[in-house]
Amino acid sequence: MPRTKGATTKKGGKSKSAVAPSVELTRELFQAAVALRRTIEPADYKRYVLPILFLRFLSLRYEHRRAALAQMIREPNSPIYGDAAALNDPDEYRAKNVFVVPEEARWSRIVEMARQDDIKLRLDNVLEAVENAYPEKLRGLLPRIYANSNMDAEDLRGLIALFSKDVFEKDHVGEDLLGRIYEYFIGEFASSEGKRGGEYFTPASIVRTLVAMLEPVEGKVFDPCCGSGGMFVQSDAFTKHSHRLSFHGQESKEFTLRLCRMNLFIHGLDGNIKLGSSYSNDQHESLRADYILANPPFNDGAKGADGWGARLIATNDPRLSPFGVPLALSPRNANSMWILHFLHHLAPGGTAGFVMAMGELSSSEVARLAVRRALVDNNVVDCVVQLSGQLFANTQIPCALWFLSKNRAGEKGYRDRRGEVLFIDGRKLGSLIPGSRKQRQLSDDEIFRIADLYSRFKRSGVPEETRGFCRVVPIQAIQQQRYALTPARYVGSDGAIGEGDLEAAGPQLVLQLKQQMEAAHKLDQELNAVIAALGLSGSEPRVETGKV
């Protein structure tokens, strides 16, 4: 048992926000990429760099905890004052979600190894030592790939030197650091592979917003498209590492699943993470989660010749009948499949918060509209948050946050919210990340503003309407708008046509265009009359600006 006590958690408390890795860190990584391009294909870059980063941050967390314990041993008021044995007690490390690193795998030793001619073999041996120290958690995650690779030993030394710089010493507690780095790899090297970086990693500020709004305190957390596990890491940080949450996930790509398990291990977390497609091979069929957080692929199947695989979903699949009657699926867009999947896995009293492309809020495609209608009519849509573009590193696609809940009748101590939906238009929120000219992020204050509004909606009553930002809307009003869920429609935003809402706004735009053309034509006539009265018409062409 650890001699020191773990941190306490205040229910519903505001967690300390981690600072997103700086642009400086991104530049450092780019230098690493340039160094490796001499002998390694860009598509393989992440496979060689991530294990080294894993060792670096694993060692960093161990060193920080060891230094903290050494300080406590010297403090008279500490529970471990004078207890030198605490410095090597694994329980003292596990109490803070830290693992003891084998001596040969500590970063100082790796830096020493880098001077040796056989550094590639030695690094493989280090990975084996770490895996053997924690076989149940790391088996199969750290393949020995360096000794038999064509990677130049000098390049490997360069990477070790790069990751020894001060920028990596900064405290990133609660931050999904491996995932942020992976985001950068995908964006930079996808073009080298001849394709778009379709694995849009969830930006840190969006993850923090989802977690702050859901307020996961105790129970099961599920992400069926978990990527590198950022939702789990931030959920744990929100509870101040209370160990009252269990994590369950699924990922379709083996390498990304390994990344997730490595990420959880670095943060001292356990997770039931399975490999397979959530569409056709649901690995958690019986799971009912208290909290679902996810960022599924935007509009998956929209560009593929065969769509996303709707034909593989049986018509009697229970996910298609959340309200008794089976719902049809769009063959070229998997958004509604994801929504139904989330709802199926939601426990009574639970809430799901997830990211969707803006178009899903107002699509008139028959199957997608039918799903949206069923969600609204059956009182599961709780809140929709509209966000701006430029929040993702590798695409400017704007997005929305959806919240579906099974506690709208007042379960779990919340108030009865049936018949009403909270809409928030956050398009004006966010600012450029320092050092970036294209990517934006939400500030801590903005995240708190959104989360606090949703918390009051769930607990206290209908929040006061703020024109252009938020409004609680009766379901009847949504039904009258053909079940469009775009917040800008309802909150009175300036130019209330929101991104992704152009389809529904088309008739209004055409009417405005006709009115403006008619007004322009009238002005043309008046201007031509003035020109004629002045005797200036001559042979010059008449002004005709109002005709197309």
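Residues numbered from 1 in each chain as written. Predicted model: local features only at pLDDT ≥ 70, side-chain atom pairs only at ≥ 80, totals over all residues. Heavy atoms only, no water.

S.K.: I would appreciate a short explanation of the nonpolar core in the present structure.
M.R.: Inside soluble globular proteins, nonpolar side chains tend to come together where they are buried. With 56 residues, the main nonpolar core has F54, L55, L159 and F163 as its most contacted residues. Sorting the residues of this core by element identifies α1 (23-36), α2 (45-74), α4 (107-113), α5 (119-133), α7 (153-162) and α11 (254-266) as the ones contributing at least two each. With 47 residues, the next largest nonpolar core counts L340, V376, Y483 and A484 among its residues. (Core = buried A, V, L, I, M, F, W, Y, C linked by side-chain atoms within 4.5 Å. Buried < 20%, exposed > 50% of the residue type's maximum accessible area, 1.4 Å probe, protein only. Helix = DSSP H or I, 4+ residues; strand = E, 2+ residues; numbered from the N terminus.)

S.K.: What is the right way to read a nonpolar patch on the surface from this model?
M.R.: A cluster of nonpolar residues, V530, L534 and L536, forms a patch on the protein surface that exposes about 310 Å² of accessible area. In this fold, V530 is placed in helix α17 (residues 502-533). (Patch = residues over 30% accessible without salt bridge, like charges linked within 9 Å, V, L, I, M, F, W, Y side chains within 5 Å. Areas by Shrake-Rupley, 256 points an atom, 1.4 Å probe, with all protein chains shown as cover. Salt bridge = Lys/Arg side-chain N within 4 Å of Asp/Glu carboxyl O.)

S.K.: I'm lost on the confidence of the model for the chain in this one. Help?
M.R.: Any region with low pLDDT has predicted coordinates that should not be read closely. Averaged over all residues, the pLDDT of the chain equals 85, while 84% of them reach at least 70. Low confidence marks residues 190-198, where pLDDT is under 50. Its contacts with residues over four positions away, or in another chain, come to ten contacts. (pLDDT = per-residue confidence, 0-100. Contact = heavy atoms within 4.5 Å.)

S.K.: Which parts of the structure should I look at to understand the sheet that holds strand β8 (residues 420-426)?
M.R.: Backbone-to-backbone hydrogen bonds join strands into a sheet, with any given pair of strands oriented parallel or antiparallel. On the basis of which strands lie adjacent, the open sheet formed by nine strands has the order β3-β2-β1-β4-β5-β7-β6-β8-β11 and mixed pairing. Only two strands of the sheet have a single neighbouring strand rather than two, namely β3 (272-275) and β11 (470-474). Within the sheet, the average angular offset between the axes of one strand and its neighbour, ignoring direction, is 15 degrees. Summarising the sheet, strand β1 (residues 219-223) and strand β4 (residues 289-294) pair through two bridges and their orientation is parallel. Note that in β4 the partner of F222 across the bridge is I292. (Pairing = 2+ DSSP bridges. Axes fitted to C-alpha atoms, helices over the stretch in contact; angles between N-to-C directions.)

S.K.: I would appreciate a short explanation of the packing of aromatic side chains in the present structure.
M.R.: Aromatic rings considered in pairs are described by the distance between their centres and by the relative angle of their planes. On inspection of all chains with the given rule, the structure shows 15 aromatic pairs. When the centroid spacing of 6.4 Å and the interplanar angle of 25 degrees are considered together, the rings of Y454 and F457 count as stacked. Note that Y454 and F457 are positioned in helix α14 (residues 444-459) at a spacing of three residues, about one turn of the helix. The burial state of Y454 is the same as that of F457; both residues are buried. A network of ring pairs unites the aromatic residues Y279, W308, W338, F342, F354 and W402 as a single cluster. When the ring centre of F255 is taken as reference, the NZ or CZ atom of R47 above it lies at 4.6 Å. Residue placement shows R449 over the ring face of F469; its charged tip is 3.8 Å from the ring centre. (Phe/Tyr/Trp six-rings, centres within 6.5 Å; stacked < 30°, edge-to-face > 60°. Lys NZ or Arg CZ within 6 Å of the ring centre and 35° of its normal.)

S.K.: So what exactly am I meant to see when it comes to the packing of helix α9 (residues 204-214) against helix α10 (residues 230-238) here?
M.R.: For the pair α9 and α10, interaxial distance at closest approach is 9 Å and the crossing angle is 50 degrees. It follows that α9 is oblique to α10 by the angle criterion. The crossing of α9 and α10 is right-handed. Across from V207, R208, L210, V211 and A212 in α9, the residues of α10 making contact are G230, M231, Q234, S235 and F238. The residue inventory of the contact of α9 with α10, partitioned by class, reads six nonpolar, three polar and one charged. (Parallel < 35°, antiparallel > 145°, perpendicular 65-115°, else oblique. Left-handed = near helix turned anticlockwise from the far one by under 90°. Nonpolar A, V, L, I, M, F, W, Y, C, P; charged D, E, K, R; others polar.)

S.K.: Any chance you could explain unusual backbone geometry here in plain terms?
M.R.: Phi is mostly negative for residues that are not glycine, and the peptide bonds are mostly trans. In this structure, H241 takes a positive phi of about 60 degrees despite not being glycine. Inspection of the secondary structure puts H241 in the loop between α10 and β2 (245-251). Located in the positive-phi region is H243, a residue other than glycine, with phi close to 65 degrees. Here H243 is to be found in the loop between α10 and β2.

S.K.: Can you help me understand the packing of α5 against α7 in this one?
M.R.: For any two helices packed against each other, the geometry is given by the interaxial angle and the distance between the axes. Packing of α5 against α7 brings their axes to within 9 Å, and their N-to-C directions diverge by 50 degrees. In this view, α5 runs oblique relative to α7, as classed from their interaxial angle. Note on element contacts: α7 touches α5 through A153, L156, R157 and I160, opposite I119, K120 and L123. Its residues assigned to classes, the contact of α5 with α7 shows five nonpolar, no polar and two charged.

S.K.: I would appreciate a short explanation of the pattern of salt bridges in the present structure.
M.R.: Scanning all chains against the criterion turns up 21 salt bridges. The closest approach of N and O atoms between R415 and E420, which form a salt bridge, is 2.4 Å. In this structure, R415 and E420 share a single accessibility class: buried. As a salt-bridge pair, R418 and D416 come within 2.5 Å of each other at their nearest N and O atoms. Residue R418 is classed as partly exposed on the basis of its relative accessible area, which comes to 49%. For D416, a relative accessible area of 36% translates into the label partly exposed. Bridged by salt links that share partners, the residues E103, R109 and E112 form one connected network.

S.K.: Can you help me understand helix α12 (residues 335-344) in this one?
M.R.: What sets the pattern is the α-helix's 3.6 residues per turn: residues three or four places apart point alike. Counting buried positions along α12 yields ten of ten residues, so the element is predominantly enclosed. Buried within α12 are the following residues: N335, S336, M337, W338, I339, L340, H341, F342, L343 and H344.

S.K.: Teacher, can you tell me more about the side chain of S388 here?
M.R.: Tracing the backbone through its elements, the reader meets S388 in the loop between β6 (381-387) and β7 (399-405). In contact with S388, other than residues within four places in its own chain, are P398, C399, G426, R427, L429 and R440.

S.K.: Explain the environment of I478 to me, please; I cannot follow it from the model alone.
M.R.: When you line up the elements, I478 lands in helix α15 (residues 475-480). Taking the C-alpha atoms as reference, I478 lies 8.8 Å from Y490; in sequence the two are twelve residues apart. Excluding its chain neighbours within four sequence positions, the residues that come into contact with I478 are V376, V421, F423, V473, Y483, A484, L485 and Y490.

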